[in-house]
Amino acid sequence: MITLRGVTKTFTTAGGTTTAVDDVDLHVERGAVQGIIGFSGAGKSTLVRTVNLLERPDSGSVVVDGEELTTLPERELRARRAKIGMIFQHFNLLENLTAAQNVELALRVAGAPKAGRAAKVARSLAVVDLSDKADAYPSKLSGGQKQRVAIARALANEPSVLLCDEPTSAVDPQTTITVLQYLKEVNERLGITIVLVTHQMNVVKALAGDVAVMESGRVVEHLRLDGSPLAPRSEIARFLLDDEIRLAPVDHGRTEPDAVVPPRAPVSLDRLEAVVERG
Ligand SMILES: Nc1ncnc2c1ncn2[C@@H]1O[C@H](COP(=O)(O)OP(=O)(O)OP(=O)(O)O)[C@@H](O)[C@H]1O
């Protein structure tokens, strides 16, 4: 279904060159939920964004539904991308569009004929039980409802794959459960393959069959989440599995390097179209 081979992605900025994804192989079976976990900066977002070529790898191969995406001409890539939905931590809804209009935008960008769009919007909103919020603007919706609209938008083009980049990191624990329930339904009822990026082990455990553990751009191990006892080999996986918080006293003399914050474009209509269409 999804096969990444030798995928590498580097970023060069004034501060130097970062290898965000370093020679990663990953295979996801059709209908599976694949987790990707790791600390901040491990390369999770960059890796998941190579699956729809929002980030074009410097090298390596990306095969989705039997098709190599890296060599597709732009027009065909656009058509293929419509079949790969994506949701984000901060929902990326356009505030000046209603829930229904936000969903319709994905259809518009994909060039879906106008005649069938309203029915597809209604169907997508029904999947996430938000038919009654079709005319509501995002400012009137809770975080969980916004993420459900984003799921509806991602489903509008009837994708075979749904990429989820930290979908529950901006919502409270109760809402996390609701969002995960809808994702589970999308996977089980609609048969959509899911790739789920998170730094929360309990989130992948709730949904995924396999989790790839990332550190410094590499997949350092896979954990099978089939209910059998987990035997993590890497220190990072052991740390992520151990969710108990132990607080040592603050070391006031310690200096921490400044975080490298990748530039984030503001979410505008153009930007969303770019996200949906081109990245
Ligand atoms: N557009 C960009 N330009 C420059 N550097 C980037 C860019 N995107 C990511 N990076 C860098 O690549 C590395 C991996 O970033 P990435 O966002 O993929 O990690 P992550 O595991 O998803 O982290 P987080 O959970 O904080 O989002 C980081 O060092 C980051 O600063």
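Residues numbered from 1 in each chain as written. Predicted model: local features only at pLDDT ≥ 70, side-chain atom pairs only at ≥ 80, totals over all residues.

## What about the overall build of the protein chain?
Then comes step 1: A count of helices and strands for the protein chain gives 9 helices and 10 strands.
Then comes step 2: Since a compact globule built from 279 residues should have a radius of gyration of about 19 Å, the 19 Å found for the protein chain is in line with a globular shape. (Helix = DSSP H or I, 4+ residues; strand = E, 2+ residues; numbered from the N terminus. Rg over C-alpha atoms; globule rule 2.2 N^0.38 Å.)

## Points about the UniProt feature "domain: ABC transporter" (unreviewed entry) in the protein chain
Then comes step 1: As annotated by UniProt and renumbered to match this structure, "domain: ABC transporter" (unreviewed entry) occupies residues 2–241.
Then comes step 2: The annotated region residues 2–241 carries 36% helix and 28% strand content, and the separation between its end C-alpha atoms amounts to 26 Å. (UniProt positions renumbered as here; feature names shortened; annotations may be inferred.)

## Brief notes about the sheet that holds strand β10 (residues 218–224)
Across a sheet, strands are paired by hydrogen bonds formed along the backbone, either parallel or antiparallel in direction.
Then comes step 1: Strand order in this open sheet of 6 strands is β6-β7-β8-β3-β9-β10, and the pairing throughout is mixed. Where the open sheet ends on each side, the last strands, each with one partner, are β6 (84–87) and β10. Ignoring strand direction, the axes of neighbouring strands in this sheet form an average angle of 20°.
Then comes step 2: Judged from the 4 bridges that link them, strand β3 (residues 33–37) and strand β9 (residues 210–215) form a sheet pairing that is parallel. Looking across to β9, one finds that Q34 is bridged to D210.
Then comes step 3: With respect to the sheet, helix α5 (residues 143–155) is in contact with β6 and β7 (161–165), its orientation differing from that of β6 by roughly 165°. (Pairing = 2+ DSSP bridges. Axes fitted to C-alpha atoms, helices over the stretch in contact; angles between N-to-C directions. Contact = placed C-beta atoms within 7 Å.)

## Overview of the environment of V250
Then comes step 1: Assignment of secondary structure puts V250 in the loop between α8 (235–241) and α9 (269–278).
Then comes step 2: Along the chain, V250 and Q145 lie 105 residues apart, while their C-alpha atoms are 38 Å from each other.

## Brief notes about the sheet that holds strand β4 (residues 59–64)
Then comes step 1: Reading across the sheet, the 4 strands line up as β2-β1-β4-β5 and stay open at both edges, with antiparallel pairing between neighbours. Two strands close off the open sheet at either side, each with one partner strand: β2 (16–28) and β5 (67–68).
Then comes step 2: Taken together, the 9 bridges between strand β1 (residues 2–13) and β2 define a ladder with antiparallel strand orientation. Residue pairing across strands places T13 opposite G16, the latter belonging to β2.

## With respect to the nonpolar core
Then comes step 1: Core analysis: the largest hydrophobic core is formed by 67 residues, its most contacted members being I36, V103, A152, L163, C164, V195 and L196.
Then comes step 2: Element by element, the count of residues in this core is highest for helix α3 (residues 99–109), at 7 residues.
Then comes step 3: Not counting residues within four places of it along the chain, the set of residues in contact with V103 comprises V121, S124, L125, V149, A152, R153 and A156. (Core = buried A, V, L, I, M, F, W, Y, C linked by C-beta atoms within 7 Å. Buried ≥ 20, exposed ≤ 12 C-beta atoms within 10 Å, placed from the backbone.)

## Topic: unusual backbone geometry
Negative phi values dominate among residues other than glycine, just as trans dominates among peptide bonds.
Then comes step 1: Positive phi is not limited to glycine here, since D129 has a value of about 55°.
Then comes step 2: Within the secondary structure, D129 is located in the loop between α4 (114–127) and α5.

## Comments concerning the pairing of β7
Then comes step 1: Buried residues dominate β7, accounting for 5 of its 5 residues.
Then comes step 2: Across 4 bridges, β6 lies against β7 in parallel orientation. Opposite M86, over in β7, you have L163 as the bridge partner.
Then comes step 3: Pairing of β7 with strand β8 (residues 193–198) involves 5 bridges; the strand directions are parallel. Note on β8: the bridge partner recorded for V161 is T193.

## Digging into the pairing of β1
Then comes step 1: Between β1 and β2, which pair antiparallel in sequence order, lie 2 residues.
Then comes step 2: Sheet topology places β1 next to β4; 5 bridges connect them, and they run antiparallel. Residue pairing in the sheet places L4 in a bridge with V62 of β4.

## Overview of the environment of R189
Then comes step 1: Here R189 is to be found in helix α6 (residues 173–190).
Then comes step 2: Sequence-wise, R189 and V128 are 61 residues apart; in three dimensions their C-alpha atoms are separated by 12 Å.

## Remarks on the packing of α3 against α4
Then comes step 1: Packing of α3 against α4 brings their axes to within 9 Å, and their N-to-C directions diverge by 120°. Taken as axis vectors, α3 and α4 run oblique relative to one another. Considering only the axes of α3 and α4, their crossing is right-handed. Every residue of α4 that contacts α3 at A99, A100, V103, E104 and L107 is listed here: R117, K120, V121, S124 and L125. (Parallel < 35°, antiparallel > 145°, perpendicular 65-115°, else oblique. Left-handed = near helix turned anticlockwise from the far one by under 90°.)

## Describing the confidence of the model for the protein chain
Then comes step 1: Chain-level statistics for the protein chain give a pLDDT mean of 90 and a share of 90% at 70 or above.
Then comes step 2: Taken together, the chains of this predicted complex give a pTM of 0.90 and an interface ipTM of 0.98. (pLDDT = per-residue confidence, 0-100.)

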